[in-house]
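# A look at the structure
So the chains spell out like this:
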Amino acid sequence: MTENSKALLPVISASIGGQNGLYKHANVLLDSGAQTSLIRLETAEILGLRLSLKKEDIYRGKGPVDLLIGINHARMHTGQTRQAGNLVARKSPLGWVVFGGTSQDAHETSRILHVRYTTPVDLSDFWTTETMGVAVTTCLSATDKLSQIEREEAKVIESSCQKAGNQWVVSYPWKRDPALLPDNKSQTRKKLKATERRLMKNTEHAQAYDKQMVEMSEMAFSRKLSKQELEEYNGPIHYISHHEVLRPESKSTPVRVVFNSSAVFRGHRLNDYWMKVPDLLNDLFGMVLRFRENEVAFIGDISKMYHRIRIPEADRHIHRFLWRNLQTDCEPDVYVKTVFTFGDKPAPAMAQIALRKIADEVKKDFPEAAQVLKDNTYMDVICNSVRTEEQARELTKCIDSVLETGGFKVKGWLSNKAKKPSTDQGERKEAAILYRVSEEKVLGVARNNHADVFTSV
């Protein structure tokens, strides 16, 4: 786009004749971009719309344009053309007309217009929550809830599950060839520097962030690649950036490390390379009903559930990341994730399928525990209710044993009826299995055990 205040328009001076025999000397603009012809009201009141050329020499008058001839009179815009630099002369039916601009006055300018559309708020989720348990719906089996495509995607994940020792190895369900992913190390390096700058502003946050990175490596959730591995590996490569998320309400982990699989690089996003995968989570309303069905309720969280499932070597190099323990003057080391990454689109379905695989393996020997893992588990939360406290103790011990066969472990069981943990060292182990607290969260909602009610706080 050029900007020139001294550009010449195709204006010619001519006499306009009217029906009353009067003539007016006027300036005529030949506008090839206009779809109609216009005349000034003052001129039109005196004259008609007939044009009569009286001069054949080039003559440009001064003052306002009286008549604009648009493209609807196309023949008025034709004729012999000559060019000299940025100036053009055309012999129109009215005579020679000159237009254009001088090169020394023209200069390039860039104009970028940003338009942002506000995302509309979808209120359908609010109405869905309000109608839980009262809306009339068709009773469907677990398989009927999934479409044919979703069932096929679930089978792809199930077929990739393999047992390695006491842990499951599950492959990511690719819908596009991972070899098409670009090497985005340069972008990840820039994001690492930005994360380091933010962490350096708070020493406590920086130490907590680095501690989590070290723990991931020590617990084999990640692994640093050697120079030889970096040089010899020939498979697809992709890096995932990471950043901090502040959790001021948590005293143990005020900062959490979050990996971003949705970052865009040259039009490519890692999450777009995987299948959509079905929603295999259990119905929340049904889980809450079963949790309150019997007198003794218990709940437990599976510890680091995503980190208990391994991924194959090829998928690990798609989950490379950079870290240098906040030593900004050193070259960052290259790590790979060896387990699921929170934020990967198919990860929730993959974790649920692995958990159900465990239940299927033991359903003959431990039918009750297998049923709880299948029907009363939401992500990493297990909640159920039984008639007596003894049944709760037996069932939770059984679930612990079943989960151990797949490398999973429950942090600790909470109940509304069990006794508080004893301070005696000999009873601590038993107390840790099932103990009572005054209030805990059930599926994200606070519950008061004494009053047996859910609260909003």
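Residues numbered from 1 in each chain as written. Predicted model: local features only at pLDDT ≥ 70, side-chain atom pairs only at ≥ 80, totals over all residues. Heavy atoms only, no water.

## With respect to the sheet that holds strand β19 (residues 309–310)
Strands sit in the order β11-β12-β19 across an open sheet of 3 strands; the sheet is mixed. Strands with a single pairing partner mark the edges of an open sheet, and in this sheet they are β11 (162–164) and β19. When strand β12 (residues 167–169) meets β19, the two strands line up parallel, connected through 2 bridges. The residue of β19 that forms the bridge with V169 is R310. The strands that helix α9 (residues 347–362) touches are β11, β12 and β19; relative to β12, the one it contacts most, it runs at about 130 degrees. (Pairing = 2+ DSSP bridges. Helix = DSSP H or I, 4+ residues; strand = E, 2+ residues; numbered from the N terminus. Contact = heavy atoms within 4.5 Å. Axes fitted to C-alpha atoms, helices over the stretch in contact; angles between N-to-C directions.)

## Describing a positive patch on the surface
Together, K175, R176, K276 and K345 make up a region of like positive charge exposed at the surface. Look at K276 and you get exposed, because its relative accessible area is 65%. (Patch = residues over 30% accessible without salt bridge, like charges linked within 9 Å, V, L, I, M, F, W, Y side chains within 5 Å. Areas by Shrake-Rupley, 256 points an atom, 1.4 Å probe, with all protein chains shown as cover. Salt bridge = Lys/Arg side-chain N within 4 Å of Asp/Glu carboxyl O. Lys, Arg positive; Asp, Glu negative; His and termini not counted. Charge placed at Lys NZ, Arg CZ, Asp CG, Glu CD. Buried < 20%, exposed > 50% of the residue type's maximum accessible area, 1.4 Å probe, protein only.)

## Describing the pattern of salt bridges
For the coordinates displayed, the defined rule picks out 12 salt bridges. Residue R324 is joined to E196 by a salt bridge in which the shortest nitrogen-to-oxygen separation is 2.8 Å. With R324 in the loop between β20 (320–323) and β21 (333–337) and E196 in helix α4 (residues 185–200), the pair connects residues that are 128 residues apart, well separated along the chain. The two residues R324 and E196 agree in class, both being buried. Salt bridges here are not isolated pairs; linked through shared partners, they connect R223, E229, E313 and R316.

## Quick word on the environment of V381
Positionally, V381 belongs in strand β23 (residues 381–386). Judged by its relative accessible area of 14%, V381 falls in the buried class. Distance in space between the C-alpha atoms of V381 and S303 is 9.6 Å, their sequence separation being 78 residues.

## Overview of helix α10 (residues 367–375)
Those residues of α10 not exposed but buried are A369, A370, V372 and L373. Down the axis, α10 shows its buried residues gathered within 160 degrees of arc, on one side only. Looking at the buried residues of α10, the elements they touch are α9, β22 (377–378), β23 and α11 (389–404). (Arc of directions from axis to C-beta.)

## As for the sheet that holds β21
Here 3 strands make up an open sheet; going across it, the order is β13-β21-β20 and the pairing antiparallel. Only two strands of the sheet have a single partner each, and these edge strands are β13 (222–224) and β20. Each strand axis lies, on average, 35 degrees off the axis of its neighbour in the sheet, ignoring direction. Taken together, the 4 bridges between β20 and β21 define a ladder with antiparallel strand orientation. Within β21, the residue paired with L322 across the bridge is V334. Together, β20 and β21 form the strand contacts of α4, whose direction differs from that of β20 by roughly 40 degrees. The strands touched by helix α5 (residues 203–218) are β13, β20 and β21; relative to β20, the strand with the most contacts, the crossing angle is about 130 degrees.

## Details of the side chain of H205
Among the secondary structure elements, H205 is positioned in helix α5. Taking the relative accessible area as the measure of exposure, H205 reaches 19% and is therefore buried. In this structure H205 touches L199, L246 and V255, once residues within four positions along its chain are discounted.

## Side note on α4
When the terminal C-alpha atoms of α4 are compared, their 22 Å separation across 16 residues agrees well with the 22 Å that a helix rising 1.5 Å per residue should span. Buried within α4 we find Q187, T188, L192, T195, E196 and L199. (Expected span 1.5 Å × (residues − 1).)

## Describing the packing of aromatic side chains
Evaluated as defined, the whole model comprises 9 aromatic pairs. For the ring pair Y209 and W323, a centre distance of 5.4 Å and an interplane angle of 50 degrees mean the geometry is tilted. One end of the pair, Y209, is in helix α5; the other, W323, is in strand β20, and 114 residues separate them in sequence. The same class applies to Y209 and to W323, which are both buried. Taken together, Y172, W174, W274, Y306, F340 and F342 form an aromatic cluster joined through their ring pairs. When the ring centre of F259 is taken as origin, the NZ or CZ atom of K337, which lies over that ring, is 4.5 Å away. (Phe/Tyr/Trp six-rings, centres within 6.5 Å; stacked < 30°, edge-to-face > 60°. Lys NZ or Arg CZ within 6 Å of the ring centre and 35° of its normal.)

## Description of the pairing of strand β8 (residues 87–92)
In terms of strand pairing, β8 meets strand β9 (residues 95–100) through 6 bridges, oriented antiparallel. By the bridge assignment for β9, R90 is matched with V97. Adjacent in sequence and paired antiparallel, β8 and β9 are bridged by 2 residues.

## Regarding the nonpolar core
One finds V170, W323, F340, I382, I399 and L403 to be the most contacted residues of the largest nonpolar core, which totals 70 residues. Among the elements that line this core, the one with the most residues is α9, at 10 residues. Excluding anything up to four places from it in sequence, W323 contacts L192, L199, Y209, D210, M213, H242, P332, D333 and Y335. Listed in part, the 11 residues of the second largest apolar core include I12, A26, L67 and M76. (Core = buried A, V, L, I, M, F, W, Y, C linked by side-chain atoms within 4.5 Å.)

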